[in-house]
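# A structural walkthrough
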Amino acid sequence: MIALGADHGGYLLKEEIKKFLDEKGVEYKDFGTFTPESVDYAAIAQRTCMSVVNGECEKAVLCCGTGIGISMAANKVKGIRAACCSDYFSAKYTRLHNDANALCMGGRVVGAGLACELVDIFLNTEFEGGRHQRRIDQISAIENGEIL
Ligand code: RB5
């Protein structure tokens, strides 16, 4: 199950991503927003990402105007590693090296075609582990207030 969330700046992109996931037969849960009306992204990022942290969903895909604000909010949720991507290489390597569990994109930055390709590679690339796990553990340590 993939968690989807967007503010008004990412609403249309989220709707396009839903069509793509429907075609691929990928299940998702939409945490809003559900209209193009202006809405703040922080609460949407939080509730979407909470579903990943609590195990209801495997990964999150989040959209706002730039992808940046919603990624900043997502990264404040403990256990979330959100990556704001607008290119194929980053979307692939943030899975391989960062074990990112949230992909963030800007509805005013990327077109629907590219965004769906980024979602596809993000959802279908496994974390490499190894030396990268150590680095993920260090990120978690920072999250837990440890001094590295
Ligand atoms: C909303 O206008 C816009 O600021 C928001 O979608 C996002 O781009 C913030 O980072």
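Shown above is the structure to which this text applies.
Computed from a predicted model, the values in this text were never measured in an experiment.

## Focus: the side chain of Lys14
With respect to the helices and strands, the residue Lys14 is situated in helix H1 (residues 11-24). Non-local contacts of Lys14, meaning those with residues more than four positions away in its chain, are made with Leu4, Gly5, Ala6, Asp30, Gly32, Thr33 and Cys63.

## Details of the nonpolar core
Among the nonpolar cores identified, the biggest contains 23 residues, and Leu13, Ile17, Leu21, Val61, Leu103, Met105 and Val119 are the most heavily contacted of them. Only strand E1 (2-6), H1, strand E3 (59-64), strand E5 (102-106) and helix H5 (112-123) provide two or more residues apiece to this core. When residues in this core are grouped by element, the largest group, seven residues, is from H5. One finds Ala60, Ala74, Ala102 and Cys104 within the second-largest nonpolar core, a separate group that totals 17 residues.

## Things to note about the pattern of salt bridges
Using the criterion set out here, one finds eight salt bridges in the structure. The closest approach of N and O atoms between Asp30 and Lys14, which form a salt bridge, is 2.9 Å. Taken together, the residues span a long stretch of sequence, with Asp30 in strand E2 (residues 28-30) and Lys14 in helix H1 at a distance of 16 residues. Classification of Asp30 as buried rests on a relative accessible area of 18%. Look at Lys14 and you get buried, because its relative accessible area is 1%. The salt bridge partner of Lys18 is Asp30, with a shortest N-O separation of 2.8 Å. You can see Lys18 sitting in helix H1 and its partner Asp30 sitting in strand E2, a full twelve residues away along the chain. Each member of the pair, Lys18 as well as Asp30, is classed as buried. A single network of salt bridges, built from pairs that share partners, joins Lys14, Glu15, Lys18 and Asp30.

## Examining the sheet that holds E2
Within the open sheet, the five strands sit side by side as E2-E1-E3-E5-E4. Their pairing is parallel. The strands lining the two open edges of the sheet, one partner per strand, are E2 and strand E4 (82-84). Ignoring which end each strand starts from, the neighbouring axes of this sheet average 20° apart. Sheet analysis places E1 next to E3, joined by five bridges and oriented parallel. Looking across to E3, one finds that Ala3 is bridged to Ala60. Strands E1 and E3 of the sheet are contacted by helix H2 (residues 41-53), whose axis makes an angle of about 175° with E1. In the packing of H5 onto the sheet, contacts are made with E1, E3 and E5, and the angle to E5 comes to roughly 170°.

## Focus on the site of the ligand
Near the ligand you find Asp7, His8, Tyr41, Cys64, Gly65, Thr66, Gly69 and Arg108, and these make up its full shell. Contacts to the ligand include Asp7, whose side-chain N or O atom sits 2.6 Å from an oxygen atom. Arg108 has a polar side-chain atom sitting 3.2 Å from an oxygen atom of the ligand. The residue makeup of the shell around the ligand, split by class, is two nonpolar, four polar and two charged.

## Description of unusual backbone geometry
A cis amide bond links Gly32 with the next residue in sequence, Thr33, at an omega value of 0°. Relative to the helices and strands, Thr33 is located in the loop between E2 and H2.

## Describing H2
Its 13 residues place the ends of H2 18 Å apart at the C-alpha level, agreeing with the 18 Å of an ideal helix rising 1.5 Å per residue. The set of residues buried in H2 consists of Ile44, Ala45, Thr48, Cys49, Ser51 and Val52. The buried side chains of H2 occupy one side of the element, clustering within an arc of 145° when seen end-on. Looking at the buried residues of H2, the elements they touch are E1, E3 and helix H3 (68-74). Within two residues after H2, Gly55 carries a phi angle of roughly 90°, on the positive side.

The rules behind each value
Residues numbered from 1 in each chain as written. Predicted model: local features only at pLDDT ≥ 70, side-chain atom pairs only at ≥ 80, totals over all residues. Heavy atoms only, no water. Helix = DSSP H or I, 4+ residues; strand = E, 2+ residues; numbered from the N terminus. Contact = heavy atoms within 4.5 Å. Core = buried A, V, L, I, M, F, W, Y, C linked by side-chain atoms within 4.5 Å. Buried < 20%, exposed > 50% of the residue type's maximum accessible area, 1.4 Å probe, protein only. Salt bridge = Lys/Arg side-chain N within 4 Å of Asp/Glu carboxyl O. Pairing = 2+ DSSP bridges. Axes fitted to C-alpha atoms, helices over the stretch in contact; angles between N-to-C directions. Near = heavy atom within 4 Å. Polar contact = N/O pair within 3.5 Å; in protein donor to acceptor, adjacent residues only side chain to side chain. Nonpolar A, V, L, I, M, F, W, Y, C, P; charged D, E, K, R; others polar. Expected span 1.5 Å × (residues − 1). Arc of directions from axis to C-beta.

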